[in-house]
Amino acid sequence: MSGGTEHLTVRREGATLVLTLNRPETKNALSLPMLVGLYDGWLAADADDTVRSVVLTGAGGSFCAGMDLKALAGAGMAGGDRYRDRMKADPDLHWKAMLRHHRPRKPVIAAVEGHCVAGGTEILQGTDIRVAGASATFGLFEVRRGLFPIGGSTVRLPRQIPRTHALEMLLTGRAYTADEAARIGLIGHVVPDGTALEAALEIAERVNGCGPLAVEAVKASVYETAEMTEAEGLAAELKRGWPIFATADAKEGATAFAEKRAPVYRRE
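Predicted model only: the values in this text are computed from it and were never measured. (Residues numbered from 1 in each chain as written. Predicted model: local features only at pLDDT ≥ 70, side-chain atom pairs only at ≥ 80, totals over all residues. Heavy atoms only, no water.)

Student: When you look at the pattern of salt bridges in this model, what are you seeing that I'm missing?
Tutor: Two side chains carrying opposite charge are able to pair once their charged atoms lie near each other. In this structure the tally under the stated criterion is 16 salt bridges. In this structure, Arg11 and Glu13 form a salt bridge, with 2.4 Å as the shortest nitrogen-oxygen distance. By relative accessible area, Arg11 is classed as partly exposed at 31%. With its nearest N and O atoms 3.3 Å apart, the salt bridge here joins Glu168 to Arg174. On the basis of relative accessibility, which here comes to 33%, the residue Glu168 falls in the partly exposed class. (Salt bridge = Lys/Arg side-chain N within 4 Å of Asp/Glu carboxyl O. Buried < 20%, exposed > 50% of the residue type's maximum accessible area, 1.4 Å probe, protein only.)

Structure representation (structure tokens):
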């Protein structure tokens, strides 16, 4: 699978779909083509059963520096009318692209280098597993400019990291190093600069080796039970989890273990 738009590239690495934000001259600031490409990429990954994971990264040593208001207005952008038409047809498309109003069925792993700030940090909160290069920078700078981080951060961030850290990040608008981001739980891994994509692909490969029905059910259970009471969550987990035990993939997993071989899962 390949494709994307002029500001986003799409390629396959085995069972992983790699989406690359591709405006390095702007530190991959968000544009209409990028947003349209992102949303199409999420949909393509979920529609293709041979895709078992997605890696989101950025070109040129940066992840994403947030919104590019000039580009979003379409000024000087080739094909701008086509992308504006897509946005008019689905006024919610940009929020879906940024994972505010859309959750992919497949696991999404972020590979961060350089700047991951403002809208970049907001997209990051919609990913499932996060790896960053040692000199990566994070932060929600909106309040410093008299703006509101409306990509979901006032809701998501306090649910993903301790409230005191979330409020400090939201209310001060300061930059955070990769080590700080890992310490407060915003990211899971800090790796040498230039190796975040490699590390993310290694994690993706481990995900890809697991039963896809089980992986998708586990991800769905984690998110759908997040705001339930414990009793409600445990009931929902049983409803989501028990059917997995009756699948052919579950039988294959046990058989492969007994036969000391790698399992061959068929989504059955």
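Following the structure, the description resumes.
Student: Mind showing me how you'd approach the layout of surface pockets here?
Tutor: Picture a little ball the size of a water molecule; that probe, rolled over the atoms, points out where space is still empty. Taken as a whole, the largest pocket encloses approximately 690 Å³ of empty space. Around the largest pocket, the lining is made up of 25 residues, and of these Arg103, Asp128, Gln160, Val222 and Tyr223 lie nearest the centre. Elements represented by at least two residues in the lining of the largest pocket include exactly β7 (129–133), α6 (153–160) and α10 (212–224). For the lining of the largest pocket, the element with the highest residue contribution is α10, accounting for six residues. Tallied by class, residues from the lining of the largest pocket come to ten nonpolar, six polar and nine charged. By volume, the second largest pocket amounts to about 400 Å³. Forming the walls of the second largest pocket are 18 residues, and the residues nearest its centre are Met67, Ala118, Gly119, Glu142 and Leu147. Here the lining of the second largest pocket is built from residues that sort into twelve nonpolar, three polar and three charged. (1 Å grid on protein atoms, 1.4 Å probe; cavity = no way out; pocket = protein on both sides within 12 Å on 5 of 7 lines; lining within 4 Å. Points joined across faces, edges and corners; volume = space filled by probe spheres on them. Helix = DSSP H or I, 4+ residues; strand = E, 2+ residues; numbered from the N terminus. Nonpolar A, V, L, I, M, F, W, Y, C, P; charged D, E, K, R; others polar.)

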